[in-house]
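Single-letter residue listing:
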Amino acid sequence: MGPTTRRSPKLLKQSGFFLHQAKVPLADQLRLAIGVRCILANAPAYTPLMPRSGTPMSVRMSNCGPLGWFTDKDRGYRYIDRHPETGQAWPAIPAAVLAVWEELSGYPAPPEACLINLYGPGAKLGLHIDQDEEASDAPVVSISLGDTAVFRVGGATRKNPTRTMKLHSGDVVVLGGESRHWYHGVDRVLTGSNRLLTEAGFPEGGRINLTLRRVTTP
Ligand code: MD3
Ligand code: FE
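The sections below set out a description of the structure shown in this document. (Residues numbered from 1 in each chain as written. Chains lettered and ligands numbered in written order. Predicted model: local features only at pLDDT ≥ 70, side-chain atom pairs only at ≥ 80, totals over all residues. Heavy atoms only, no water.)

### Overview of the sheet that holds strand β9 (residues 149-153)
Then, number 1: Ordered in space as β7-β12-β9-β10, the four strands form an open sheet in which the pairing is antiparallel. A strand with exactly one partner marks an edge of an open sheet, and here the two such strands are β7 (125-128) and β10 (163-167). Along the sheet, successive strands turn relative to each other by an average axial angle of 25°, direction set aside.
Then, number 2: Where β9 and β10 come together, five bridges link them in antiparallel fashion. When the sheet's bridge partners are listed, F151 is paired in β10 with M165. (Pairing = 2+ DSSP bridges. Helix = DSSP H or I, 4+ residues; strand = E, 2+ residues; numbered from the N terminus. Axes fitted to C-alpha atoms, helices over the stretch in contact; angles between N-to-C directions.)

Structure, rendered in structure tokens:
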């Protein structure tokens with residue numbers, strides 16, 4: 001495909017799930033990844049702990065925006081307005097990230113949380129539903145950078161059949177409508193499948209996912 005080619009968004013019928021493949025041009029992907037590196041210099045990645053068990057997640061995380069998603073053993077999943085270790089407010093969401101939300105979300109208010117998921121070798125994310133947001137009418141918008149992920153998406157209950165799809169660097173997924181409350185996860189990341197992150201100064205490479213969410217009702 002040439003640099004200006006765009007595939008049309010893939011819609012899982014009637015669901016509100018849209019996959020926009022190669023939505024972010026390569027030069028913008030690089031700028032976004034470098035921007036994430038700056039954010040992490042101010043808001044260092046941490047290892048989230050599962051509620052109750054305290055089991056560490058394999059995905060490391062940070063956030064930008066007024067609110068950040070966090071979990072620890074004692075208090076579980078929640079949004080907090082400060083970095084848990086530095087006590088500082090989260091850095092601002094980069095303008096280029098807000099622009100993706102404005103173009104694709106169809107939502108009349110800005111996102112409040114941009115969760116930064118960092119996938120190193122062996123990292124995965126079990127099947128779950130995003131349900132910690134009061135503004136459940138707002139879509140979730142996800143931007144993939146770096147190595148290709150094998151993403152799994154199911155339905156409203158754990159019993160629904162699931163399917164897998166690959167998310168490549170520059171892909172943007174919009175989860176609106178009923179798909180907003182579907183089970184989903186990341187089975188694995190294809191290590192070394194993309195050079196973006198090494199070029200952006202992440203020597204270990206890997207994958208970054210930016211997940212944009214509206215948390216409170218506007
Ligand atoms: C499908 N992150 O942070 S983003 C998460 O690639 C999360 O890091 C994954 O799931 C990642 O919660 C997937 C794409 C995504 C986000 C929300 C969804 C897919 C979704 C909500 C419903 C269905
Ligand atoms: Fe999720």
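### A short note on the coordination of the iron ion (ligand 2)
Then, number 1: For the iron ion (ligand 2), the full set of protein donor atoms is H128 (NE2), D130 (OD) and H184 (NE2), and the range of their distances to it is 2.0 to 2.2 Å.
Then, number 2: H128 gets classed as partly exposed once you look at its relative accessible area, which sits at 23%.
Then, number 3: With a relative accessible area of 8%, D130 lands in the buried category. (Donors = N, O, S within 2.8 Å, 3.2 Å for Na, K, Ca; no water. Buried < 20%, exposed > 50% of the residue type's maximum accessible area, 1.4 Å probe, protein only.)

### Notes on the site of ligand 1
Then, number 1: Among the 19 residues in the neighbourhood of ligand 1, the closest are listed as N117, Y119, H184, R207 and R213.
Then, number 2: Interatomic distance of 3.2 Å between a side-chain N/O atom of H128 and an oxygen atom of ligand 1.
Then, number 3: Within the side chain of N209, an N or O atom sits 3.4 Å from an oxygen atom of ligand 1.
Then, number 4: In the complex, the protein chains occlude 98% of the 500 Å² of accessible area that ligand 1 would expose alone.
Then, number 5: In a pocket analysis with a 2 Å cut-off to the grid points, ligand 1 is assigned to the largest pocket.
Then, number 6: Considering every element that reaches the shell around ligand 1, the biggest residue donor is strand β13 (residues 207-213), with four residues.
Then, number 7: For the shell around ligand 1, the per-class residue count stands at eight nonpolar, seven polar and four charged. (Near = heavy atom within 4 Å. Polar contact = N/O pair within 3.5 Å; in protein donor to acceptor, adjacent residues only side chain to side chain. Areas by Shrake-Rupley, 256 points an atom, 1.4 Å probe, with all protein chains shown as cover. 1 Å grid on protein atoms, 1.4 Å probe; cavity = no way out; pocket = protein on both sides within 12 Å on 5 of 7 lines; lining within 4 Å. Sits in = over half its atoms within 2 Å of the grid points. Nonpolar A, V, L, I, M, F, W, Y, C, P; charged D, E, K, R; others polar.)

### With respect to unusual backbone geometry
Then, number 1: For A22, which is not a glycine, the phi torsion comes out positive at approximately 50°.
Then, number 2: By the element assignment, A22 lies in the loop between β2 (17-20) and α1 (26-42).
Then, number 3: Residues other than glycine seldom take positive phi values, yet R52 does so here, at roughly 70°.
Then, number 4: Within the secondary structure layout, R52 lies in the loop between α1 and β3 (60-64).

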